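Structural overview for review
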Amino acid sequence: MRKYIVYPFLILICSAFTVVHYYPIDGYERTGIKRLKYLELVKNGEIKSTSTLPKGALKSYEDIKLNLLAKKDDSLGSILTIDDNFQKEINGLFRGLDKSYSLAVVDISDVNQIRYAHRNETAGYQPGSVGKLAVLVALFDQLAKIYPNSFEKRLDLLRSKSVKSGVWGLTDAHTIPIFNIETNKLIKRQVVTSDVFTLFEWADHMMSVSNNGAASIVWREALLMSAFGPAYPELSQEEADAYFNNTPRKELTDLSNDIVNLPLRSLDISANEWRLGSFFTSGANKYVGDKGGSIGSTLGLMKFLIQLEQGKVIDEASSLEMKRLMYMTDRRIRYAQSPTLKEAGVYFKSGSLYQCNKTSGEPCGKYMGNISNFMNSVAIVEHPDNCTYMVVLMTNVLRKNSATDHMTLASSIDKIIKK
């Protein structure tokens, strides 16, 4: 999920999805995320680009709504009730396939007739970069604790607080987009220790290009928020460095583990359904250790999506802002690449991890691990005709790049729901 470990005969590869971009492209004034200004200028024709945004990526941030506010008081159990006919149709998609495929899908097109179907929904998978959603929750949880009575102050802190990468952002081969609003020049490169971005931009780097270094930095800042509380907004770089240098490693490890996992427990997501146990970069391990391992299940992540749409992840305003950070605004891949989703708004997070044993003689390569080959997709899909649903798909199909499977299943699920 977070770092490269190379042994003589065993290679562990972690991947993040590096070409998708999130948050509505008219959000620059609201967030200060410079990448959004670039996309806005491309859309307006002021900057030439070879890429074309799909229709579903052109929503305004004001157009994005939570779909289950009318069902805010409904329990998870009442929503996660199997619809027999829906379940039968979903089962048909997996005939002949083994239990390497897990799925949870909830059709909320009609909130008064919600339909749920699943497959191996409690099976545990390495969540990969899907775990960054837990870091996002931790960030908004700590913001709410600093400013419990003002969401605007939370937004202002995200816009105004700039923090330095340091070693926490190292090492990740994936690049981040850096746009100079004075020269209108966009470059893409890896995070370096001297990089300074606002909290909003680091969160966007974590979500939009799934940068592992950005995820570790956002997690670090959530940890500092927890440690310093109301003093965090004025916290200096020197004070932050002193805290990490002088605090026992075990204390830092325990606190960092709590701040990403306890908010999930408050959502009735158990540790076996979804937990995060380690930072995403080796640079972070100078200060914190791993604890408890990471795991995800389609049931646990679906519980998150449902409560996000209910406005219950921290609070309604936080749920909506997190949903905006999940909104795709660029070229789509894998599950989201399905042609049937072009005109749909898609709120998405993906993750993968694969392990290769090069000495086994079996085929093995990028996204084609022969020991493990996890690929996970979390999506909220909103069609213009109000066909709306949520999907969590997790797979561990060895020696095969499952990207096509994810895309094909996306088309098939969409067809079933539209029918």
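Residues numbered from 1 in each chain as written. Predicted model: local features only at pLDDT ≥ 70, side-chain atom pairs only at ≥ 80, totals over all residues. Heavy atoms only, no water.

**Here's the deal with helix 8 (residues 212–228)**
Here is the rule: A helix here means a DSSP run of H or I that spans at least four residues, while a strand means a run of E at least two residues long, and both kinds are numbered starting from the N terminus. Given the number of residues in a helix, its expected span is that number minus one, multiplied by 1.5 Å. Accessibility here uses a 1.4 Å probe with only protein chains present; expressed as a share of the type maximum, an area under 20% marks a residue as buried, one over 50% as exposed, and anything in between as partly exposed. Under the rule applied, a polar contact is a pair of N or O atoms within 3.5 Å (in protein, one hydrogen donor and one hydrogen acceptor; residues adjacent in sequence only if both atoms are side-chain atoms).
End to end, helix 8 covers 24 Å across 17 residues, agreeing with the expected 24 Å (1.5 Å per residue, within 8%). For helix 8, the buried fraction is high: 14 of the 17 residues fall into the buried class. A side-chain oxygen of the first residue of helix 8 lies 3.0 Å from the backbone nitrogen of Gly-213; this N-cap is Asn-211. Two residues or fewer past helix 8, Gly-229 is found with a positive phi of approximately 55°.

**Details of the packing of helix 5 (residues 132–146) against helix 10 (residues 249–265)**
Note the following rule: For helices, the axis comes from a line fit to the C-alpha atoms of the stretch in contact; other axes are also lines fit to C-alpha atoms, and the angle between any two N-to-C directions lies between 0 and 180 degrees. With respect to orientation, any angle under 35 degrees is reported as roughly parallel, any angle over 145 as roughly antiparallel, any angle of 65 to 115 as roughly perpendicular, and every other angle as oblique. Contacts: residue pairs with any heavy atoms within 4.5 Å of one another. Gly counts as polar in this scheme, as do all residues outside two lists: the nonpolar Ala, Val, Leu, Ile, Met, Phe, Trp, Tyr, Cys and Pro, and the charged Asp, Glu, Lys and Arg.
Across the interface, helix 5 lies against helix 10 with an axial gap of 8 Å and an inter-helix angle of 90°. It follows that helix 5 is roughly perpendicular to helix 10 by the angle criterion. Contacts between helix 5 and helix 10 involve Ala-134, Val-135, Val-137, Ala-138, Asp-141 and Gln-142 from the first element and Ile-259, Val-260, Pro-263 and Leu-264 from the second. Grouping the amino acids of the contact of helix 5 with helix 10 by side-chain chemistry returns 8 nonpolar, 1 polar and 1 charged.

**Side note on the pairing of strand 11 (residues 345–357)**
Operational definition: Two strands make a pair as long as DSSP finds a minimum of two bridges between them.
Burial analysis of strand 11 places 11 of its 13 residues in the buried class, which makes it a mostly covered element. By the bridge criterion, 11 bridges tie strand 11 to strand 12 (residues 372–382) in an arrangement that is antiparallel. If you follow Val-346 over to strand 12, its bridge partner there is Val-381.

**Focus: the packing of helix 5 against helix 12 (residues 316–325)**
The criterion, for reference: Should the near helix be turned anticlockwise from the far one by less than a right angle, the crossing is left-handed, and should it be turned clockwise, the crossing is right-handed.
Where helix 5 contacts helix 12, the two axes come as close as 11 Å, and the packing angle between them is 145°. Handedness of the crossing formed by helix 5 with helix 12: right-handed. The residues of helix 12 that touch helix 5, namely those facing Leu-136, Val-137 and Phe-140, are Ser-318, Glu-321, Met-322 and Leu-325.

**Some thoughts on the pairing of strand 3 (residues 101–107)**
Burial runs high along strand 3: 7 of the 7 residues are buried. Judged by which residues are buried, strand 3 turns out to be covered on both faces: Tyr-101, Leu-103, Val-105 and Asp-107 on one side and Ser-102, Ala-104 and Val-106 on the other are all buried. Both strand 3 and strand 13 (residues 388–396) contribute to a ladder of 7 bridges, which runs antiparallel. Counted as the bridge partner of Val-106 is Met-390 from strand 13. Where strand 3 and strand 4 (residues 115–119) come together, 5 bridges link them in antiparallel fashion. Residue Val-105 lies in a different strand from strand 4, and its bridge partner there is Ala-117.

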